[in-house]
Amino acid sequence: MPLPTADAGSGTGEVDLPGAAVSVVIPCHGYGRYLPQAVASVVAQTYDDWEMMIVDDGSPDDTAEVARSLIARHPGRRIRLLRQANAGVSAARNAGIAATGGRYVLPLDADDVIAPTMLEKTVAVLDQDPDIAIASTDVSAFTDDEDLAAQVLELPAYRPELLLQRLIMFYCSLYRREVWEAVGGYDESMRAGEDWDFWIACAERGFTAHHLHEPLFGARNKDDGLHVEAAENDLAVRARIVANHPGMFKPVTRAWAHAVLDPRGQADERMPDDILTRAADMDGFLRAVLSLQRTARLQHRYIQRLEAALAGHRGGAPVAGSPAVVP
């Protein structure tokens, strides 16, 4: 596989600036259309001691061109572009982190955003308590439909035993660089669930986290993407996590994972606990939120068509782009 190469920006305004406290790493594969919003959310931070590495993970679209234009638009900012052949989000994050030098790391996917105070508040947590290695937050789930209100997902306080049962921290959490170094980075063989696997690896090594009960991370809900793939392969993802960290789980859970990953194996007849005990809680909640948002979008569009039809019936001008009759 070709090694990643730093893109000098071809005169796009990239400058050589001193290091920053926080390295924001944004992998991007085919999401060039979303990249400006992700970058804008970082530029708008109330905490400004950051650098940004955009990793073009072999994108089939204009990601590189979009990234260069964003670098040119912010010549006084520490924004760089790294390009590599497509290797997946884990490899892209690892490459981006390795090419930066901040003492704290914040992964951010190209289709997501962070609230203006995300860095200020999470950096404060790590600065004030050296025993805390990770700072996570609640999540605001939004869609491309601007008329649909975002949904806040409130997550529980961090407990290692709860982390073994369900994903209680989203990937976009601030952590110390030594955490990534100790764990050895994200598992590049995993296409889904790599963040959960990473957090469990952190707990395995004694790192702890603190949760801020504020929705400082904005996750874009789509009907495609890696989160859908993770849902469709949920049991296999959980089994892989157990196999990667056998010392964190009970023998019956390890036996179950072995049977899932190797159908020829003999599964223990007892129901595994730990990673399956409350597995459905978060998954069911997220699916319910997605379903409600789809329903709200359909209802909103139906109301728009009704209003257009009524306006036409009364002799008013229909809303532009709306049909004159209700189907």
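If you're wondering where the values come from, they're calculated on a predicted model, not measured in any experiment.

Visitor: How should helix 1 (residues 35–43) be read in this particular structure?
Guide: Every α-helix winds through 3.6 residues per turn, so residues three or four apart in the chain are directed the same way. The complete set of buried residues in helix 1 reads Leu-35, Ala-38, Val-39, Ser-41, Val-42 and Val-43. The elements touched by buried residues of helix 1 are strand 2 (22–28), strand 3 (50–57), helix 2 (63–73), strand 4 (79–84) and strand 6 (113–114).

Visitor: Help me understand the pattern of salt bridges in this model?
Guide: Any two side chains of opposite charge can pair, given that their charged atoms come close. Tallying each qualifying case throughout the model produces 12 salt bridges. Residues Arg-93 and Glu-194 are paired through a salt bridge, measuring 2.9 Å at the closest nitrogen-oxygen approach. Pair noted here: Arg-93 is in helix 3 (residues 89–98) and Glu-194 is in helix 7 (residues 194–204), with a separation of 101 residues, a long-range link. Given the relative accessible area of 1%, Arg-93 is considered buried. Two residues, Glu-161 and Arg-159, come together in a salt bridge whose shortest N-O distance is 2.9 Å. The exposure class of Glu-161 is partly exposed, given its relative accessible area of 42%. Bridged by salt links that share partners, the residues Arg-93, Asp-109 and Glu-194 form one connected network.

Visitor: Whenever I open this one, the packing of aromatic side chains confuses me. Can you help?
Guide: Each pair of aromatic rings is reported with the distance of its centres and the angle of its planes. This model, assessed by the stated rule, comprises 7 aromatic pairs. Measuring from ring centre to ring centre gives 5.9 Å for Tyr-175 and Trp-199, while their planes differ by 85°; the resulting arrangement is edge-to-face. Placement of the pair is Tyr-175 in strand 9 (residues 174–176) and Trp-199 in helix 7, with a sequence separation of 24 residues. The residues Tyr-175 and Trp-199 share a single accessibility class, namely buried. Plain terms: the ring middles of Tyr-186 and Phe-198 are 4.3 Å apart, the flat faces sit at 20° to each other, and that makes the pair stacked. Taken together, the residues Tyr-186 in the loop between helix 6 (177–183) and helix 7 and Phe-198 in helix 7 connect sequence positions 12 residues apart. Residues Tyr-186 and Phe-198 agree in their burial class; the two are buried. The structure contains a cluster of three or more aromatic residues connected by ring pairs, namely Tyr-175, Tyr-186, Phe-198 and Trp-199. Arg-93 extends its terminal NZ or CZ atom over the ring of Tyr-186, reaching a point 5.1 Å from the ring centre.

Criteria and cut-off values
- Residues numbered from 1 in each chain as written.
- Predicted model: local features only at pLDDT ≥ 70, side-chain atom pairs only at ≥ 80, totals over all residues.
- Heavy atoms only, no water.
- Buried < 20%, exposed > 50% of the residue type's maximum accessible area, 1.4 Å probe, protein only.
- Helix = DSSP H or I, 4+ residues; strand = E, 2+ residues; numbered from the N terminus.
- Contact = heavy atoms within 4.5 Å.
- Salt bridge = Lys/Arg side-chain N within 4 Å of Asp/Glu carboxyl O.
- Phe/Tyr/Trp six-rings, centres within 6.5 Å; stacked < 30°, edge-to-face > 60°.
- Lys NZ or Arg CZ within 6 Å of the ring centre and 35° of its normal.

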